[in-house]
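Listed below, chain by chain, are the residues.
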Protein chains: 2
Amino acid sequence: MSQACAHIIDDDEAIRDALQWQFRTRGVECTLWPSAEAFLDAWQTDWRGCIVLDIRMEGMSGLECFDTLIERQCSLPVIFITGHGDVPMAVSALKKGAFDFIEKPFSDNELIERVERAIALDTERQRAAADRGTVESRLASLTAREREVMELILEGKYNKVIADQLSISMRTVEAHRSKVFDKMQVRSAVELAQMLTTLKG
Amino acid sequence: MSQACAHIIDDDEAIRDALQWQFRTRGVECTLWPSAEAFLDAWQTDWRGCIVLDIRMEGMSGLECFDTLIERQCSLPVIFITGHGDVPMAVSALKKGAFDFIEKPFSDNELIERVERAIALDTERQRAAADRGTVESRLASLTAREREVMELILEGKYNKVIADQLSISMRTVEAHRSKVFDKMQVRSAVELAQMLTTLKG
DNA sequence: GACGCTATTGTGGAATACCGCAAACACAAA
DNA sequence: TTTGTGTTTGCGGTATTCCACAATAGCGTC
């Protein structure tokens, strides 16, 4: 897992260097990319932090890059920067889920403050995803039959009813039920329901 | 409860009339307001639909009106229209929760299509809020003691444990438990947990 | 074939939940 | 005072859960 940092994509080397200097001064790690293509080639799903994306670039534009990132289900917050943005462009980007859209020129603090917020958002999302991951891995450890029994438990049915429905003995249902609680690391059906409802809701 | 309609706020009578004609032709009801002040004076929390809000107006601007609506916790989706918008303005509005931000001139279909989506969103939100309202009214019908017992049930505790914790007899806990299920209209603790987790999650 | 995992079932008992009926007490409103 | 609501408790009984111990059978891997 790479650490949280700002991934800066801009085809102007002077700007890249200036941003890098600013960021590092403020203690924000960053990586530099001269083109959308270079970034997309290198990008890995476990990268954390945020993306600072220039819109007008040689080759693939920042907006195209953004679309590609969405396709690849990259969840990193994206901060667009542009010198010649127009309103529909900004509206479209934000409605697609961009974190921010900043016009040049911007003050040093303006960008860095938003980058820090974006990184904080990603960190929070990562934490939530980890929680979901824990639950999901437990779910994955269930056998098909156990999952089947669990579904019925979550409908609040008695073991007896479940046994009838699956045409097996009550004792078998109890065995599965016990296994399910064990693997999901809960002590009651209520905890199980809360764990899974949180996962979905 | 008033029915879903587009609330148009614009100080240009010609535009109001033109929009009204377009909307009615497409079967979208609307109300017309010559100023932000007029709308804010009349607005009631049970109004449904969406708001079409011009930014540049005499008196209170559309942006100020939006801020006021947020303060008053109005949840109607807001579509801004403006002839002289700039990017920071659009970005700020959307980040505050505006539904859309459209620059003049726009095509007939462009606005009406977004209005219809906004109204659909409000309708959906309304439905979800009604569900929450149902659960909340049931919760409100619980006595203090019943709610107390319910909390402990949701922690998956046995009646015996609850009885000890509240220093009352098991039989009393059973009585409360039964009342809680009755009032909340559920048949098991699992259902109760799901109902309340959905409310919060 | 031995081994491990999964699914299945049984016995028997202790603990718990659930329910109807009944009732005592406090407290506030009519 | 009467009435109503909320809180509390008991009795007796049935249904259900939960658990330890034990066992059979299928299935795929090594």
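Conventions adopted
- Numbering of residues starts from 1 in every chain and runs along the sequence as written.
- Just so you know, chain letters begin at A and ligand numbers begin at 1, following the order they were written in.
- Given that the model is predicted, a residue must reach a pLDDT of at least 70 before its local features are reported, and side-chain atom pairs must reach 80 or more before they are shown or counted; all residues, however, enter totals for whole chains, interfaces and linings.
- To get the side-chain values, take all heavy atoms of the structure and skip hydrogens and water.
- Overlaid copies result from least-squares superposition on C-alpha atoms, with residues included only where pLDDT is at least 70 in both.
- Contact definition: two residues touch when any of their heavy atoms are within 4.5 Å.
- Where each domain begins and ends follows an automated or database-derived domain assignment.
- A run of DSSP states H or I qualifies as a helix once it reaches four residues; a run of E qualifies as a strand once it reaches two. Both are numbered from the N-terminal end.
- Classification of residues uses two cut-offs on accessible area relative to the type maximum, computed with a 1.4 Å probe and protein chains only: under 20% is buried, over 50% is exposed, and between them is partly exposed.
- The rule for a residue being near a molecule or strand is that one of its heavy atoms must lie within 4 Å of it.
- In the analysis that follows, any N or O atom pair within 3.5 Å is treated as a polar contact, provided that within protein one partner can donate a hydrogen and the other can accept it, and provided that, for residues neighboring in sequence, both atoms belong to side chains.
- In the scheme used here, Gly and all other residues not listed as nonpolar or charged are polar, with Ala, Val, Leu, Ile, Met, Phe, Trp, Tyr, Cys and Pro taken as nonpolar and Asp, Glu, Lys and Arg as charged.
- The rule for pairing is simple: two strands pair if DSSP sees at least two bridges between them.
- Here an angle of 0 to 180 degrees is reported between the N-to-C directions of two axes, which are lines fitted to C-alpha atoms, with helices fitted over the stretch in contact.

**Considering the relation of the copies chain A and chain B**
When chain A is fitted to chain B, the best match, at an RMSD of 0.1 Å, comes from turning it 180° and sliding it 0.0 Å along the axis. In symmetry terms, the pair is related by a two-fold rotation axis. The residues that chain A uses at the interface reappear at the interface of chain B in 100% of cases, marking a shared surface.

**Remarks on the domain arrangement of chain A**
Reports of interface size often rely on the accessible area that becomes lost once the parts have come together. Once the domains are mapped, chain A shows domain 1 (5-127) and domain 2 (141-200). Taking the mean C-alpha position of each, domain 1 of chain A and domain 2 of chain A sit 45 Å from one another.

**Quick look at the environment of V190 of chain B**
Note that V190 of chain B resides in helix 9 (residues 189-200). Judged by its relative accessible area of 7%, V190 of chain B is buried. For the pair formed by V190 of chain B and I153 of chain B, sequence separation is 37 residues and the distance between their alpha carbons is 9.8 Å. Those residues in contact with V190 of chain B that sit more than four places away from it in its chain are I153, L154, G156, A189, V190 and A193 of chain A.

**A word on the protein's contact with DNA strand C**
For DNA strand C, the set of nearby residues contains 15 residues, the closest of which are T143, S169, T172 and H176 of chain A together with R177 of chain B. Counted by atom, the contact set of DNA strand C within 4 Å of the protein is 63% sugar and phosphate. In this structure, N159 of chain B approaches DNA strand C through a main-chain N or O atom, which is 2.9 Å from a phosphate oxygen. Take E174 of chain B: an N or O atom from its side chain is 3.2 Å from a base nitrogen of DNA strand C. Elements supplying a minimum of two residues to the surface near DNA strand C: helix 6 (144-153) and helix 8 (170-184) of chain A together with helix 7 (159-166) and helix 8 (170-184) of chain B. Looking at the surface near DNA strand C residue by residue, the class counts come to 3 nonpolar, 5 polar and 7 charged.

**Digging into the sheet that holds strand 4 (residues 78-82) of chain B**
All names here are of chain B. Taken together, the 5 strands give an open sheet; going across it, the order is 2-1-3-4-5, and neighbouring strands pair in parallel fashion. Across the chains shown, the open sheet's two edge strands, defined by having one partner strand only, are strand 2 (30-33) and strand 5 (100-103). On average, adjacent strands in this sheet sit at an angle of 20° to one another, irrespective of strand direction. In the packing of helix 5 (residues 108-140) onto the sheet, contacts are made with strand 1 (5-9), strand 3 (49-54), strand 4 and strand 5, and the angle to strand 3 comes to roughly 135°.

**A word on the protein's contact with DNA strand D**
Taken together, 15 residues lie near DNA strand D, and R177 of chain A together with T143, R145, S169 and T172 of chain B sit nearest. Here, DNA strand D places atoms within 4 Å of the protein, and 62% of those atoms are sugar or phosphate. Between DNA strand D and E174 of chain A there is a distance of 3.2 Å, counted from a base nitrogen to a side-chain nitrogen or oxygen. In the environment of DNA strand D, a phosphate oxygen lies 2.7 Å from a nitrogen or oxygen atom belonging to the side chain of R177 of chain A. Secondary structure elements with two or more residues in the surface near DNA strand D: helix 7 (159-166) and helix 8 of chain A together with helix 6 (144-153) and helix 8 of chain B.

**A look at unusual backbone geometry**
Residues and elements named next belong to chain A. Residue P105 is bonded to the preceding K104 through a cis peptide linkage, with omega at -5°. Summarising the element assignment, P105 is placed in the loop between strand 5 (100-103) and helix 5 (108-140). One non-glycine residue, Q185, lies in the positive phi region at around 55°. Position of Q185 relative to the elements: it lies in the loop between helix 8 and helix 9 (189-200).

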